[in-house]
Amino acid sequence: MDSPIAKDIRSGLAELAGNLRWTWSGEFEPLFSSIDQDLWREVNHNPVAFLAAVPDDRLQARAVEATYREALQHAIISLRQYLAEERHWGRRYAPGLQARPVAYFSAEVGLHESLPIYSGGLGVLAGDHLKSCSDLGVPIWGVTILYRQGYFSQEIDADGEQQERYVDLDMSRVPLEPALDARGERLFIQFPTANGVFPIDIWRARVGRGQLILLDGSRDPEVFHRDIFSRRLYGGDLRTRLLQELILGAGGYRALLSLGVRPGVVHLNEGHTAFAILEAIAQTMEEEGLPFDEAAARVRGRTVFTTHTPVGAGHDRFPADLIEEHLRPLRERLGLSLDRLLALGRMNPHDEREPFSMPVLALRFSHRSNAVSALHGRTSRTMWRVLWPELRTEQVPIGHVTNGVHVPTWIASDMARFFSDNLSPDWPKRLTHPDLWERIEGTPMSGLWRVKCLLRAQLLAFVERRLKTRHERLGLPGTPPQLDPFALTIGVARRVAEYKRAALLFSQPERLARLLADRERPVQLLFAGKAHPQDRPAKDILKEIVRLSAEPRFASRIVVLENHDMNLARHLVQGCDLWLNMPRRPLEASGTSGQKSVFNATLNMSVLDGWWAEAFDGGNGYAFGEGLTHADPLLQDRRDAADLFDTLERQVIPDFFERGPDGVPPRWMARIRRSLSTLGWRYNSDRMVIDYVLGAYLRAAGLLTSGRPGSA
Ligand SMILES: *Cc1c(COP(=O)(O)O)cnc(C)c1O
C-alpha cells in the first residue's frame with residue numbers, strides 16, 4: 001500500500017469538506033470519525049482541520065477496506081447528484097427566483113459548531129433557513145459577518161463562575177474559501193465610513209446549493225476598526241454595534257453587488273440588518289436617477305422583515321450623534337438631512353429626543369413584516385401599533401411565520417434510520433406532508449422505544465466524557481458523577497437569560513430534591529447554557545444552579561454541562577426524554593430547541609408560549625402554567641413553578657414509569673407518536689421556507705401580481 005491511495009482518499013474527503021452540505025448529510029460524518037475518533041473530536045468536527053492534521057498512514061489504514069472506499073465513493077456521488085439536481089420544489093413553484101435570488105441578512109448564522117459565529121436560536125434559525133432553501137432549491141445568498149473570534153466558548157470554574165474563552169479563528173482551517181473576482185483575484189470592497197475608507201474582505205461558504213458570504217474587516221491589521229467591528233459577535237459597546245450593523249447591512253449589500261448578485265428579495269433577519277435598506281435605496285437612486293421617495297418605494301416593495309423580539313422599542317437603538325458620525329457618507333448619498341434620516345428610525349418622526357431604532361426602520365421599509373409564532377404575531381401587533389396610528393391593532397400589518405428546524409441537521413442517525421425503515425425511504429424529501437408523519441401511528445412502539453433508549457445511552461456516555469474532562473481540568477476530588485441509564489432524563493439547555501427562568505425549577509429545592517431522590521422512579525436533570533458576557537444577573541443564575549448541583553442531595557441527579565453549542569445541543573435534544581422550557585410568557589417569541597426534540601422522539605414540556613402555544617393539543621407533550629400573562633411577574637413565577645411540579649409529579653413521571661410487559665411505557669409512547677404525527681409536518685424549516693416563499697418572497701420579487709396587497 002502506498003501513498004497514492006491515501007492521496008485519493010484525501011482528495012475525496014476534501015471534496016466533501018468543500019461544501020457545508022456535510023453538516024447535514026448523515027453519511028459524511030462517519031467517513032471522518034472512523035479514521036480517527038479522537039482527532040475528529042479534538043478538531044471539533046471540522047473536516048478541513050481534520051484533513052490538515054491527519055497523517056497519511058491513518059488514511060491508508062482505512063483505505064485498504066473496500067467498504068470504506070465504497071462508502072466514500074457513494075458519499076461523493078450523492079453530493080454531486082444533490083448539487084446537480086434540478087427537479088426540486090423551487091424550480092417548480094418559484095422558478096422566477098432563479099434569476100432574482102433571495103438575499104438573506106443575519107448578524108449571526110449557526111451552521112455547525114466548527115464555525116462559531118452564532119450565539120443561540122437566532123443564528124441557528126438562520127443556518128436552518130439556508131439549509132432548507134438549499135434542499136428545496138430556493139436560490140439564496142446569506143450575508144453575515146466573519147467575527148474573527150466568533151462567540152466565546154464557555155468554561156465554568158469550581159465556583160460556578162462562567163469563564164469566557166475567545167480564540168482567533170485559524171483561517172487556514174475554517175470551512176470557508178475566499179471570494180474571487182472574474183480574474184481570480186481576491187475580492188474585497190472599500191467601504192466608506194466617516195473615519196475613512198475601509199477594506200472588507202469577502203469569504204464564501206457553499207451551503208449545499210446556496211451560498212453564504214461573510215464580511216471580514218481584518219485585512220489591514222493596523223486598522224483600528226478591526227477590533228471594533230469584526231472581532232466578536234455581540235461584543236463591545238454601542239459604537240461597535242453600530243459599525244457592525246452598518247457593515248453587515250450596507251456593506252453586505254455592496255458585497256452582493258460586487259459578486260454580480262442582483263437580489264430579487266431582501267430578507268432582513270431581525271433589526272440588526274436594517275441598514276441594507278438604506279444602501280439599497282442609495283444604489284437604486286444612483287443607478288436609476290430616482291429621487292429618494294421613489295427609490296425607497298421600490299426597495300420597500302422587495303424587502304421582507306422578520307422580527308424576533310417580543311420586547312419593545314428598547315431594542316437596538318442608536319443615539320443621533322453616533323448615527324451622524326457613522327452614516328454621514330451614506331446619508332449624503334441619500335440626499336437626506338440628518339433630521340430626515342433620523343425620522344426614518346423614530347416611532348414618532350417629530351420627537352427629537354427619540355433614538356434611531358433599527359426595527360422601526362425595518363418595519364417602515366418592508367413590504368412584508370412577520371413575527372415568528374402566532375402568539376408573537378399578536379404581541380408584535382400590539383407593540384408596534386404606534387407606527388400605524390390609523391389602524392386597529394388586529395389590522396397592523398405584521399403577520400407571522402412560525403419558526404421550524406432543519407430536520408437532517410438535528411436528527412440522530414439512528415432515528416433517521418428508523419424513519420427510513422418505518423415511514424418511507426424518501427422521508428427527508430416529504431417533511432411537510434402530514435400523511436408521512438401520520439404513519440408513525442402504525443409503527444411498532446417497542447422499536448421506537450428501543451431507539452430512544454439507545455440515544456439516551458449515547459447521550460449519557462457523551463455527558464460522562466464531558467464531566468470527566470472538567471473534573472480533571474479543575475482537579476476536583478473524587479470521581480465525577482455517574483448517571484442512571486434508566487432514569488427519566490430531562491434536558492434544559494438554552495441561552496441563560498432571566499426571562500427563560502431556568503431557576504424556576506430550583507425555586508422549590510425541597511420538592512425538587514424529593515422528586516429526584518425517588519429510587520423507584522429516578523429522574524435526572526441535564527442543564528446547559530451560556531450567559532451573555534455582560535449579563536451579570538444571568539451569570540448569577542448559572543452560578544446558583546452550579547452550586548445546587550454540587551449539593552450532596554443533588555449529586556448525580558443534576559448535571560451542569562459547559563459550552564452549550566450546536567454539538568452539545570444536538571446530543572441533548574437527541575438523547576433526553578423530556579425537553580423542558582420555562583420562559584415567562586409572552587417573552588419567548590418562538591423557541592426552536594423543542595422543535596429539534598420533536599424529531600428525536602423527545603417530549604416537550606413547556607409554558608404555553610412561543611411555538612408551543614399553537615402546537616400543544618393536550619396529548620402531544622405537556623404544558624404547564626395557565627397560559628396567561630400576569631401584571632406581577634413574581635406572582636406569575638410562583639404559580640408557574642407550582643404547576644411545573646404538579647405536572648411533573650402527576651403526569652410526566654407516572655406516564656414515563658408505567659410499563660407494559662415488554663418494558664415499554666404505553667402512555668409515554670402514545671404521546672411521542674402523537675407529537676411526531678401532529679408536529680412533524682409543521683415545525684420543520686422546509687415548511688417555514690415554503691411559507692416565506694409563497695407568502696412573501698414571490699410577491700416581493702414581483703413574481704405574483706394578484707391577491708391581497710399590503711400586510712402579510
Ligand atoms: C436551537 C438552539 C438554541 C435555541 O433554543 P431555544 O429553545 O430557542 O431557546 C440555542 N442555542 C443552541 C446552541 C441551539 O442549538
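Residues numbered from 1 in each chain as written. Predicted model: local features only at pLDDT ≥ 70, side-chain atom pairs only at ≥ 80, totals over all residues. Heavy atoms only, no water.

The next point concerns the domain arrangement of the protein. Here the domain parsing of the protein yields domain 1 (4–84), domain 2 (99–153 + 165–400) and domain 3 (408–683). If you average the C-alpha positions of domain 1 and of domain 3, the two centres end up 33 Å apart. The junction of domain 1 with domain 3 conceals about 400 Å² of combined surface from both sides, 42% of it contributed by carbon and sulfur atoms. The tally of links from domain 1 across to domain 3 stands at 0 salt bridges. (Domains from an automatic or database assignment. Buried area = accessible area lost by both parts, 1.4 Å probe. Salt bridge = Lys/Arg side-chain N within 4 Å of Asp/Glu carboxyl O.)

So, on to the nonpolar core. The tendency in soluble globular proteins is for nonpolar side chains to be buried as a group. Within the largest apolar cluster, 95 residues are counted, with the highest numbers of intra-cluster contacts made by Phe419, Leu505, Leu572 and Trp668. If you tally residues by element for this core, the top one is helix α20 (residues 445–474), at 9 residues. Setting aside residues no more than four positions away along its own chain, Leu572 makes contact with Leu459, Ala493, Leu526, Ala528, Leu561 and Trp579. By size, the runner-up hydrophobic cluster in this structure holds 74 residues, among which are Leu31, Tyr68, Val102 and Val401. (Core = buried A, V, L, I, M, F, W, Y, C linked by side-chain atoms within 4.5 Å. Buried < 20%, exposed > 50% of the residue type's maximum accessible area, 1.4 Å probe, protein only. Helix = DSSP H or I, 4+ residues; strand = E, 2+ residues; numbered from the N terminus. Contact = heavy atoms within 4.5 Å.)

This next bit is on helix α16 (residues 374–383). Working note: α-helix, 3.6 residues per turn, so residues spaced by three or four point in the same direction. With 8 of 10 residues buried, α16 is to be regarded as a mostly interior element. Three or more residues of α16 are buried, namely Ala374, Leu375, His376, Gly377, Thr379, Ser380, Arg381 and Met383. Looking at the buried side of α16, the elements it contacts are β13 (368–371), β14 (399–400) and α25 (610–615).

Turning our attention to the pattern of salt bridges. Scanning the entire structure with this criterion turns up 54 salt bridges. Of the charged contacts, one joins Arg262 and Glu287 as a salt bridge, the two residues approaching to 2.8 Å between their closest N and O atoms. Taken as a pair, Arg262 in the loop between α10 (238–258) and β9 (265–269) and Glu287 in helix α11 (residues 275–288) lie far apart in primary sequence, 25 residues in all. Owing to a relative accessible area of 47%, Arg262 belongs among the partly exposed residues under this scheme. Among the ionic pairs, Glu551 bridges to Arg547, the shortest N-O distance being 3.3 Å. On the accessibility criterion, Glu551 (18% relative accessible area) is buried.

It is worth spelling out the sheet that holds strand β17 (residues 558–561) at this point. Read from one edge of the open sheet, 6 strands run β17-β16-β15-β18-β19-β20, paired in parallel fashion. Sheet topology places β17 and β20 (622–624) at the edges, where each strand pairs with a single neighbour. With strand direction ignored, the average angle separating the axes of adjacent strands in the sheet is 20 degrees. Bridge count between strand β19 (residues 603–607) and β20: 3 bridges; the pairing is parallel. Its bridge partner lying in β20, Met605 is registered against Tyr622. Helix-sheet contacts for helix α23 (residues 566–575) involve β15 (488–493), β16 (523–528), β17 and β18 (578–581), and the interaxial angle to β16 is about 160 degrees. (Pairing = 2+ DSSP bridges. Axes fitted to C-alpha atoms, helices over the stretch in contact; angles between N-to-C directions.)

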